[in-house]
Structures are given as structure tokens and as C-alpha cells.
Amino acid sequence: MCDRRIIGAEALLRWQHPELGMVSPAEFIPIAESSGLILPVGEWILRNAVRQAKTWMDEGFGPLIMAVNLSAGAVSAS
């Protein structure tokens, strides 16, 4: 049976620079990794993905699977 419910989503990080336009993740992710900013970026992505999923649930959508790609540099050993 097909009930046409949304059951999953993928969180994608995009950067709209005011002067450069869309900056590809292939450009800014390596810079975040080499500068040590990848951990706070990864945390920001996770927090916002969870916040968005909660907003959708509050609006009446059922629970869903949220895929979030993280850089290997963003994974903490703790």
C-alpha cells in the first residue's frame, strides 16, 4: 500500500555567500577541516537537523529518518 508519507530526509549544508554566490561544499569543507572549524560546523549541522525534524513533527508530520553526512574530522573520539 502506498500512503505517500514522507519517511526520510537528508540534511545538506549549503553556503550562499553574499558576493560569491553559492559556494560548493567541495570548496568550504576542506577549509573547515584544515582550520579546525569542522567540529563546530558538524555540531551546528546536527543541532539544526534535529531542530528541523522537531519542527516538522510539531507541524503534524510523523517521525522520520534524518540522514546527516559528517566529515571524518568532525567525529570526536570521546
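No experiment lies behind these values; they were computed from the predicted model shown.

## Considering the packing of aromatic side chains
Aromatic ring pairs are described here by two measures, namely the spacing of the ring centres and the angle between the planes.
Move 1: By the definition in use, this model includes one aromatic pair.
Move 2: Between Trp15 and Phe28, the aromatic rings sit 5.8 Å apart at their centres with planes inclined by 85 degrees, giving edge-to-face as the arrangement. With a gap of 13 residues between them, Trp15 in strand S2 (residues 15-17) and Phe28 in helix H1 (residues 25-35) connect regions that are remote in the sequence.

## Examining the layout of surface pockets
Unfilled space is identified by rolling a water-sized probe across the atoms.
Move 1: Roughly 230 Å³ of internal volume is contained in the largest pocket.
Move 2: Lining the largest pocket are 16 residues; nearest its centre among them are Leu13, Ile29, Ile45, Asn69 and Leu70.
Move 3: Breaking the lining of the largest pocket down by element, the ones donating at least two residues are strand S1 (8-11), H1 and helix H2 (38-58).
Move 4: Among the elements that line the lining of the largest pocket, the one with the most residues is H2, at four residues.
Move 5: Classifying every residue of the lining of the largest pocket by side-chain character gives 11 nonpolar, three polar and two charged.
Move 6: Reported here for the second largest pocket is a volume of approximately 150 Å³.
Move 7: Considering the residues around the second largest pocket, the lining is formed by Ala9, Glu10, Ala11, Leu12, Leu13, Trp44, Ile45, Asn48, Ala49, Gln52, Trp56 and Met66.
Move 8: Contributing elements (two or more residues each) for the lining of the second largest pocket: S1 and H2.
Move 9: Sorting elements by how many residues they give to the lining of the second largest pocket places H2 first, with six residues.
Move 10: Here the residues of the lining of the second largest pocket are counted per class, giving nine nonpolar, two polar and one charged.

Rules used throughout
Residues numbered from 1 in each chain as written. Predicted model: local features only at pLDDT ≥ 70, side-chain atom pairs only at ≥ 80, totals over all residues. Heavy atoms only, no water. Phe/Tyr/Trp six-rings, centres within 6.5 Å; stacked < 30°, edge-to-face > 60°. Helix = DSSP H or I, 4+ residues; strand = E, 2+ residues; numbered from the N terminus. 1 Å grid on protein atoms, 1.4 Å probe; cavity = no way out; pocket = protein on both sides within 12 Å on 5 of 7 lines; lining within 4 Å. Points joined across faces, edges and corners; volume = space filled by probe spheres on them. Nonpolar A, V, L, I, M, F, W, Y, C, P; charged D, E, K, R; others polar.

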